[in-house]
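# Observations on chain architecture
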Amino acid sequence: MGQKIPVGIIGASGYVGAELMRLLAAHPGFDVGFVTGDTQAGQPVADLYPHLAAIGAEQEFVKYDSHLLDDVAMAFLALPHGQSMALAGDVLDRGKVAVDLAADFRLTDPAQYEQWYGEPHQTPELLGIFAYGLPELFRDELAGATAVAVPGCYPTAAALAIAPLVRTGLIQPEGVIVDAASGVSGAGRPPKDHITFCAVDEDFTAYGLLDHRHTPEIEQAAGASVLFTPHLAPMNRGILATCYAKPAADTSTDALLAALAEFYADEPFIVVSDRSPSTKATLGSNAAHLTVRYDARTNTVVALCAIDNLVKGAAGQAIQCANLISGLDEATGLTAVGVYP
């Protein structure tokens, strides 16, 4: 493939950063030059994540310094929400590509960010620079992009299920309901009372009722008004989104499945079938598994999507976008095949 493109990971000590390291270790086109983790600075990566020991026994997390950017062409920002906006300008000012995995640049309207995240956006002037990184729906935006806002895991699953049906005029874009369940890794690595083993084991809970901050992003990506209810499931990884909508005209399950399959016919990471999607089937992969049904009794369309929240919902999708804007085949270093059992 020729000389590798040097990249860095800012905020590599979280679960998404660790997943980026795992995937990039086998990527033939990118070479990781540094991994920062301010809270873990000086600690060997393998001590925090033993599964990454083969990457290099001497690799350590370092404290972020802007001079680290001098030797890379691209930076993945795997930081908590609200922290990327303070660093993105630094990355871009140095002529580097920014691939942000937080929510800081996903919403196009800074007023929406303040409404749903509870604080003003610090760098609204940068919002127009960031392309929305959901290739299957917004690939054209990624051509020539120098900055990418990688979608959230819930919005990825929901939009992949809903948007094709909205765009083809098969469902009404008003009053869509999205119920989605996520594995515990979606809450991040730092310990929290509600995600301890005893809190999560043998439990299934809804949260963020009526006001979850991914709502406007789902609406923006899907092109529909949405009532979104997330749930926490007692599993490590995965998201299953079950979406309900009213048809825009007479339809059938066969017609909906055919339309969905046609919409995604050339997509390397989309699997459309009549099987009910399973989160475990997507484990470790960048795949999204989808299906759709029409219930004539209630005149309702039900669309479902399963993904791995850390891969297609975060790190894998970020690499897919990085491939595209670097002129590589978008599937480079990624797989649509899950790990089982």
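Before any of the text, the structure's been laid out above.
Each value, and the rule that gives it
Residues numbered from 1 in each chain as written. Predicted model: local features only at pLDDT ≥ 70, side-chain atom pairs only at ≥ 80, totals over all residues. Heavy atoms only, no water. Pairing = 2+ DSSP bridges. Helix = DSSP H or I, 4+ residues; strand = E, 2+ residues; numbered from the N terminus. Contact = heavy atoms within 4.5 Å. Axes fitted to C-alpha atoms, helices over the stretch in contact; angles between N-to-C directions. Buried < 20%, exposed > 50% of the residue type's maximum accessible area, 1.4 Å probe, protein only. Arc of directions from axis to C-beta. 1 Å grid on protein atoms, 1.4 Å probe; cavity = no way out; pocket = protein on both sides within 12 Å on 5 of 7 lines; lining within 4 Å. Points joined across faces, edges and corners; volume = space filled by probe spheres on them. Nonpolar A, V, L, I, M, F, W, Y, C, P; charged D, E, K, R; others polar. Core = buried A, V, L, I, M, F, W, Y, C linked by side-chain atoms within 4.5 Å. Expected span 1.5 Å × (residues − 1). Bend = angle between axes of the 7 residues up to and from the residue.

Read from one edge to the other, the open sheet built from 6 strands follows the order β2-β1-β3-β4-β6-β5, with strand pairing classed as parallel. Each end of this open sheet is capped by a strand with a single partner; those strands are β2 (30–35) and β5 (131–132). Strands in contact with helix α10 (residues 311–325) are β2, β3 (74–77), β4 (97–100) and β6 (147–149); relative to β3, the strand with the most contacts, it is inclined by about 160°.

What follows is about helix α9 (residues 253–263). Buried within α9 we find L256, L257, A259 and L260. For α9, the buried positions fall inside an angular range of 160° around the axis, keeping them on one side. Among the exposed residues of α9, those oriented more than 90 degrees off its buried face are D254 and E262. Residues of α9 that are buried make contact with α6 (153–167), β11 (270–272), β12 (288–295) and β13 (300–307).

All right, on to empty space enclosed by the protein then. Counted under the stated rule, the structure contains 1 cavity of 30 Å³ or more. One number sums up the size of the largest cavity: a volume of about 40 Å³. Lining the largest cavity, in full, are I162, L165, I171, V176, C243, Y244, A245, V301, V302 and A303. Going through the elements one at a time, α6, β10 (239–245) and β13 are the ones with two or more residues in the lining of the largest cavity. Looking at the lining of the largest cavity residue by residue, the class counts come to 10 nonpolar, no polar and no charged.

On to unusual backbone geometry, then. Y340 connects to P341 through a cis peptide bond whose omega is 0°. At E202, a residue that is not glycine, the phi angle is positive and equals roughly 55°. Relative accessible area serves as the criterion here: at 75%, E202 is assigned to the exposed category. Unlike most non-glycine residues, L210 shows phi in positive territory, near 70°. Mapped onto the elements of the fold, L210 is located in the loop between β8 (205–206) and α8 (215–222).

As a further point, take the nonpolar core. Among the nonpolar cores identified, the biggest contains 41 residues, and L160, I162, V178 and L290 are the most heavily contacted of them. Top element by residues in this core is α6. It accounts for 11 residues. Residues within four places of L290 in sequence aside, it is in contact with L160, A161, L260, Y264, I270, V271, V272, S273, P277, L304 and C305.

Turning our attention to α6. The terminal C-alpha atoms of α6 lie 21 Å apart, and with 15 residues this matches the ideal 21 Å at 1.5 Å per residue to within 8%. Of all the bends found along α6, the most pronounced is centred on A159 and spans about 35°. Across the 15 residues of α6, 14 count as buried, placing the element largely inside the fold. G169, located one to two residues past α6, shows a positive phi value of around 75°.

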